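Residue-level structure breakdown
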Amino acid sequence: MSALTLAAGLHAAAETEKIGNPAVNIAIFGAFVAVTLVIVLRASRQNKSAEDYYAGGRSFTGAQNGTAIAGDYLSAASFLGICGAIAVNGYDGFLYSIGFLVAWLVALLLVAELLRNTGRFTMADVLSFRLKERPVRMAAALATLLVVFFYLLAQMAGAGGLVALLLGISSTAGQSVVIAVVGALMILYVLVGGMKGTTWVQIVKAVLLIIGAAVMTAWVLAKFGFNISDLFQAAIDRAGEGGEALIEPGKAYGATSLSKLNFLSLALALVLGTAGLPHVLMRFYTVPDAKAARRSVVWAIWLIGIFYLFTLVLGYGAAALVGADTIKAAPGGVNSAAPLLAYELGGEVLLGLISAVAFATILAVVAGLTITAAASFAHDIYASVIKKGQVSGDGEVRVARITVVVIGVLAIVGGIFAQGQNVAFLVALAFAVAASANLPTIIYSLFWKRFNTSGALWSMYGGMISCIVLITFSPVVSGKVDPVTGESLSMIKDTGIDFHLISLENPGLITIPLAFVLGVVGTYLSKEKPHPEKFAEMEVRSLTGAGAEKATEH
Amino acid sequence: MSDDTAVPVQETEYQRVQRSPEFQELRRRFRNFVFPMTALFLVWYLVYVLLADYAHDFMSIRVGDSTITVGLLLGLGQFVSTFVITMVYARWANKKFDPPADALRREIEDGAL
């Protein structure tokens, strides 16, 4: 387990060596930012209504939206985080790829189409459909903000690490400036482009990322005569004594029965998290109907699955060609495996290109998260709870834009704290929150007639609170010390501060079943009268698509 | 799951549709496909995770004299099963589910039911 977060800021001071040519890197970054800004500006011309700003006019095709979903989902965690986890932990890192992919079946079979048929802009639309609107909306919006917060932390940490590597900026102050620049750019994209601009940036980025990973994968395989077995052997040889552990399970999680529980907890959070991620759910509203939502998930599953097969090769490629020790010692730590591999393969130009793609990845995902959070705050909290629906679409969009700025600033501050943590690991925390706070209520409200407001609130608040408490008192926040160097591996770097109580690093194993149970308990404890007419409407609409929101005409 | 007792005096349009045999058949069709399929892939995923977590020796068995392990093959098997279920579902939904769902939607929107 410790290896995942091993890199946490131990090396920054000692490491001054630059990899690649910063001028090349900055030029490629600049070109990418310029191109995407043009796209965003063009897309923004059609932003007229709230429909346009939040849901891109519901006019994207299934293939476009599927690519955008892949762009949204294949975040820094998938590229930098998984490559790093496999390079350092071998087979145990592969679990991320599998869990992140299989999770899509939950979304495809149970959630995507039904959700598209019943909602308008946000996850809360569906959750509050047949329950008491204001309290449920409030809870769903808070859960959305919480998931987005953890997700943003991960992306910002990835951005900091990446730039640390590329520009050789190892001081915390320098990296913080970089994080601030990423945040400012992202705010600009979302303010100007809305959902349409964000979607196009995600599509462009998904294509670039998949092509980039495909090229690197082919390159790595070519070096080993397209023989996977030889690639693994090279990784084993490079690791030296005990290298065989790379291809066997248990390197990261096999040590104790507790670490095995950590693995189980992670596995559960990964597979149940996706269908509760608000920024993924919101993407289903950008297409005209449920069939397009289905098509987009099918597209997304293929793109994401193929990409994760690439990461397996890239991770072992990095272990074989760069070596786990070099990766861990680099600025950016485990998250630098993929860029280091690019440098090893194609020198500074490939490094620049791959890093620009990774940077684009972060920018696009952060934009998608931000617009989700903004929509949730403006649509659910401001318009529905505070103003009780007495607000115009324009007023709502104005609040959404203000929210974008606030969230951008919060993400910048949070990102500065999360530097050095493995981004895949941080994202897994967001998945745990999504699976605990959101998924039970989504499933119950779609399929369980008896479910009521009290059940939803118990489940959502129970899920959120238990996650926050368990994470706060876990070794992720305090009290995890590297046995070799004696330095802190937690977010709080002062080893004197240790308030960790439970050793479970991902809370999913406890919080997900708890939230499901609380949904049942809350439901039966309440005397709320059932609303069979609302359930009938929801069930009929969700399955037939009658009365679903239509695409806007331009 | 449990039956509601508070039946409103006036039944809504949607409740009438919900009670109709066409809708009941659609719902049955959906659940009969989706629920067992969900159970199937979740159990298969759980079996994989438990093996990777607690059966290290089994998962570390090499295939022939290569460095390919049983664990790797089972992991790749998760990819294969995900792709297969995705395509099976999409085919089923396009052919078996959409036509009756669309017919029902048109009837509802025309107010025929």
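The rules behind these values
- Residues numbered from 1 in each chain as written.
- Chains lettered and ligands numbered in written order.
- Predicted model: local features only at pLDDT ≥ 70, side-chain atom pairs only at ≥ 80, totals over all residues.
- Heavy atoms only, no water.
- pLDDT = per-residue confidence, 0-100.
- Helix = DSSP H or I, 4+ residues; strand = E, 2+ residues; numbered from the N terminus.
- UniProt positions renumbered as here; feature names shortened; annotations may be inferred.
- Core = buried A, V, L, I, M, F, W, Y, C linked by side-chain atoms within 4.5 Å.
- Buried < 20%, exposed > 50% of the residue type's maximum accessible area, 1.4 Å probe, protein only.
- Contact = heavy atoms within 4.5 Å.
- Salt bridge = Lys/Arg side-chain N within 4 Å of Asp/Glu carboxyl O.
- Buried area = accessible area lost by both parts, 1.4 Å probe.
- Polar contact = N/O pair within 3.5 Å; in protein donor to acceptor, adjacent residues only side chain to side chain.
- Patch = residues over 30% accessible without salt bridge, like charges linked within 9 Å, V, L, I, M, F, W, Y side chains within 5 Å.
- Areas by Shrake-Rupley, 256 points an atom, 1.4 Å probe, with all protein chains shown as cover.
- Axes fitted to C-alpha atoms, helices over the stretch in contact; angles between N-to-C directions.
- Left-handed = near helix turned anticlockwise from the far one by under 90°.
- Nonpolar A, V, L, I, M, F, W, Y, C, P; charged D, E, K, R; others polar.

1. A closer look at the confidence of the model for chain B
When pLDDT is averaged across chain B, the result is 89; 90% of the residues are at 70 or more. When pLDDT is averaged over each element of chain B, helix H2 (residues 21-54) of chain B comes out on top at 95 and helix H1 (residues 13-19) of chain B at the bottom at 89.

2. Details of the UniProt feature "transmembrane region" (unreviewed entry) in chain B
Residues and elements named next belong to chain B. Under the local residue numbering, the UniProt record ascribes the feature "transmembrane region" (unreviewed entry) to residues 33-51 and 71-90. A helix fraction of 100% and a strand fraction of 0% characterise residues 33-51, whose end C-alpha atoms lie 28 Å from each other. Annotation note: span residues 71-90, helix share 100%, strand share 0%, distance between end C-alpha atoms 29 Å.

3. Describing the nonpolar core
Residues and elements named next belong to chain A. Tyr-73, Phe-79, Tyr-96, Trp-104, Tyr-308 and Tyr-316 are the most contacted members of the largest nonpolar core, which has 225 residues in total. Per-element tally for this core: the top contributor is helix H14 (residues 337-386), with 26 residues. For Tyr-73, the contacting residues outside a window of four places in its chain are Ser-78, Phe-100, Ala-103, Trp-104, Tyr-151, Thr-274, Leu-277, Val-280, Ile-304, Tyr-308 and Phe-431.

4. Details of the environment of Leu-277 of chain A
Residues and elements named next belong to chain A. Relative to the elements of secondary structure, Leu-277 occurs in the loop between helix H10 (257-273) and helix H11 (278-283). On the accessibility criterion, Leu-277 (0% relative accessible area) is buried. Once residues lying within four places of it in the same chain are set aside, the contact partners of Leu-277 are Tyr-73, Val-147, Tyr-151, Ala-430, Phe-431 and Ala-434.

5. Side note on the pattern of salt bridges
All chains considered together, the criterion is met by 17 salt bridges over all chains. A salt bridge links Glu-25 of chain B to Arg-28 of chain B, with the nearest nitrogen and oxygen atoms 3.1 Å apart. Note that Glu-25 of chain B and Arg-28 of chain B are positioned in helix H2 at a spacing of three residues, about one turn of the helix. Residues participating in the shared-partner salt-bridge network are Asp-125, Glu-133, Arg-137 and Asp-380 of chain A.

6. Observations concerning the interface of chain B and chain A
Listed as interface residues are 59 residues of chain B and, on the opposing side, 62 residues of chain A. For the pair chain B and chain A, the summed buried surface comes to about 5,600 Å²; carbon and sulfur atoms form 70% of the total. There are six salt bridges connecting chain B and chain A. Put simply, Arg-31 of chain B and Glu-539 of chain A hold a salt bridge, and the shortest N to O gap is 3.7 Å. At the boundary of chain B and chain A, one finds 13 residue pairs in polar contact (both at pLDDT 80 or more).

7. Thoughts on a nonpolar patch on the surface
Together, Leu-258 and Leu-261 of chain A together with Leu-46, Leu-50 and Tyr-54 of chain B make up a nonpolar patch on the protein surface, roughly 410 Å² of accessible area in all. Elements that contribute at least two residues to the nonpolar patch include exactly H10 of chain A together with H2 of chain B. No other element matches H2 of chain B, which puts three residues into the nonpolar patch. Note that Leu-258 of chain A resides in helix H10.

8. Points about the packing of helix H12 (residues 290-321) of chain A against H14 of chain A
Relative orientation and spacing of two packed helices are given, respectively, by the angle between their axes and the distance between those axes. All names here are of chain A. Where H12 meets H14, the axes come as close as 9 Å, and the angle between the chain directions of the two elements is 60 degrees. Judged by the twist between their axes, the crossing of H12 over H14 is left-handed. Together, Leu-314, Gly-317, Ala-318 and Leu-321 of H12 and Ala-337, Leu-341, Glu-344 and Leu-345 of H14 make up the contact between the two elements. Broken down by class, the residue content of the contact of H12 with H14 amounts to six nonpolar, one polar and one charged.

9. Notes on the environment of Leu-363 of chain A
Residue and element names in this part refer to chain A. With respect to the helices and strands, the residue Leu-363 is situated in helix H14. Exposure remark for Leu-363: the relative accessible area of 0% places this residue in the buried category. Considering only alpha carbons, one finds Leu-363 and Arg-130, 233 residues apart in sequence, at a separation of 36 Å. When sequence neighbours within four positions are dropped, the list of residues in contact with Leu-363 reads Val-182, Leu-185, Met-186 and Tyr-189.

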